[in-house]
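# Residue-level structural notes
As a plain string of letters, each chain reads:
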Amino acid sequence: MNCQEALSLLYDIIDKEASDIDTKQVEAHLRNCRDCSGVYRLERSVNELIQEKLAHQRVTPRLDSLKAKVLSELDQMDCANRPQATLEKKQVEPLPRPALRLGWGLALGAAAVVLVGVILIAKDVFIDHRAYLPLEQAHWAAAEQMDRYRDQAVTSEALAGTSVSLAYDLSSHVNSFTMVGGQMETVDNIPMAHFVYHNQDRIVSVFVVDVKRMSVPEDLRETLVHRNGIEFYDHNCRGCRLVYHRVGDAWIITATTQRDVELLDFVPGHGPV
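What counts and how
Residues numbered from 1 in each chain as written. Predicted model: local features only at pLDDT ≥ 70, side-chain atom pairs only at ≥ 80, totals over all residues. Heavy atoms only, no water. Helix = DSSP H or I, 4+ residues; strand = E, 2+ residues; numbered from the N terminus. Buried < 20%, exposed > 50% of the residue type's maximum accessible area, 1.4 Å probe, protein only. Contact = heavy atoms within 4.5 Å. Areas by Shrake-Rupley, 256 points an atom, 1.4 Å probe, with all protein chains shown as cover. Salt bridge = Lys/Arg side-chain N within 4 Å of Asp/Glu carboxyl O. Pairing = 2+ DSSP bridges. Polar contact = N/O pair within 3.5 Å; in protein donor to acceptor, adjacent residues only side chain to side chain. Core = buried A, V, L, I, M, F, W, Y, C linked by side-chain atoms within 4.5 Å. Phe/Tyr/Trp six-rings, centres within 6.5 Å; stacked < 30°, edge-to-face > 60°. pLDDT = per-residue confidence, 0-100.

This paragraph deals with the overall build of the chain. The secondary structure content of the chain amounts to nine helices and 10 strands. Taking all 273 residues of the chain together, 47% fall into the buried category. For the chain, restricting intrachain contacts to residue pairs at least 6 apart in sequence, the fraction spanning at least 24 positions comes to 64%. Here the chain displays about 14500 Å² of accessible surface, and carbon together with sulfur accounts for 51% of that area.

Here it is in structure tokens:
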């Protein structure tokens, strides 16, 4: 079970509505994934806070205790993953289930709901690693404005740049995907080439970066996977998957939000033959 699957079952686990099999699989994942474990603890604390506020319109010792617990969880996430200013630009989808379950009960706890809303947004901000978020944002932007990458002259210049400076040549077709185009970009103050591939509504970004300018985040070292003679590092969490592999002097980073795209099989080019 990966992070996306575990997080999609969180509310069922918290509300004890998940099957025994799902519960065991999620529990096993939480024991091995610090990020998802932190999200689970926070969501459970927020859920308890909401229920307590709805049960009592007045302030109770338990309510104060739950607020302190939630803030403590946020402090831990903040210390572990200190966000950059660019995090404020991230657009996150609200988690709908708590709101739906509260219904008209929201009127009983308006103040608590405001607090919960802030907590849910802050939680999504704090848990994103700053090493990954800029790449994720670049992929999201490309998916929304794909026409920016269709300029053939700009694409040719970007392809020539990766070929000459990094000795890495990209293919126009990868599996069932076709290159839309590419351009040079600066992501998190690092210059890199960004190419976009698509297959109908499925989109994959390919970032080509000089190894002197970027290294694999330390927390990815334990995700090493060997496939077809290539070493991959797999960041598969919270909706946007990033897979790293090195070819000579270049890091090749592929990104997608489509869960049915296997990035470990998506090798967009090659080094010197």
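The subject of this paragraph is the pattern of salt bridges. Scanning the entire structure with this criterion turns up five salt bridges. Glutamate 262 serves as the salt-bridge partner of arginine 241, at 3.3 Å between the closest nitrogen and oxygen. In this pair, arginine 241 sits in strand E8 (residues 240–247) while glutamate 262 sits in the loop between strand E9 (250–256) and strand E10 (269–270), placing the two residues 21 residues apart along the sequence. What makes arginine 241 buried here is its relative accessible area of 11%. Taking the relative accessible area as the measure of exposure, glutamate 262 reaches 33% and is therefore partly exposed.

Relative to the helices and strands, valine 216 is located in the loop between strand E5 (202–210) and strand E6 (224–227). Put simply, valine 216 and alanine 131 are 85 residues apart on the chain and 8.9 Å apart in space, counted from C-alpha to C-alpha. When near neighbours in sequence (up to four residues on either side) are disregarded, valine 216 contacts Arg221, Tyr233, Tyr244 and Trp251.

With that settled, consider the pairing of strand E3 (residues 177–187). In terms of burial, E3 is largely enclosed, as eight of its 11 residues are buried. Summarising the sheet, strand E2 (residues 173–174) and E3 pair through two bridges and their orientation is antiparallel. Note on E3: the bridge partner recorded for histidine 173 is threonine 178. Of the pairings in the sheet, the one linking E3 to strand E4 (residues 190–199) comprises nine bridges and is antiparallel in character. Considered in E4, the bridge of methionine 184 is made with alanine 193. Counting the residues between successive antiparallel strands, the hairpin from E3 to E4 contains two residues, one of them, aspartate 188, with a positive phi of roughly 55°.

Checked against the element boundaries, glutamine 183 lands in strand E3. Within the structure, the side chain of glutamine 183 is placed 2.9 Å from the side chain of glutamate 185, a separation counted as a polar contact. In this structure glutamine 183 touches Arg148, Tyr149, Val154, Ala158, Met192, Ala193 and His194, once residues within four positions along its chain are discounted.

Moving on, we get to the nonpolar core. Counting residues in hydrophobic clusters, the biggest one holds 21 residues, and the most contacted among them are Leu170, Phe195, Tyr197, Val204, Val206, Val208 and Phe266. Broken down by secondary-structure element, the contributors of at least two residues to this core are helix H9 (152–166), E3, E4, E5 and E9. With residues up to four places along the chain from it excluded, the contact list for valine 206 reads Leu170, Ala193, His194, Phe195, Tyr197, Ile252, Ile253, Thr254, Phe266 and Pro268. Counting residues in each nonpolar core, the second largest holds 18 residues, with Val187, Ile190, Met192 and Ala255 among its members.

Our focus in this paragraph is unusual backbone geometry. Here asparagine 175, not a glycine, exhibits a phi torsion of approximately 55°, which is positive. You can see asparagine 175 is positioned in the loop between E2 and E3.

Moving on, we come to the packing of aromatic side chains. Taken as a whole and assessed by the stated rule, the structure comprises three aromatic pairs. Here phenylalanine 177 and phenylalanine 266 contribute two aromatic rings whose centre-to-centre distance is 5.5 Å and whose plane-to-plane angle is 80°, an arrangement assigned as edge-to-face. Linking phenylalanine 177 in strand E3 with phenylalanine 266 in the loop between E9 and E10, this pair joins segments that are 89 residues apart in sequence. For the pair phenylalanine 177 and phenylalanine 266, one class covers both residues: buried.

Our focus in this paragraph is the confidence of the model for the chain. Detailed conclusions should not be drawn from predicted coordinates in areas where pLDDT is low. Of all residues in the chain, 67% attain a pLDDT of 70 or more, and the chain-wide mean is 76. pLDDT under 50 marks residues 81–111. Its contacts with residues more than four places away, or in other chains, come to 43 contacts.

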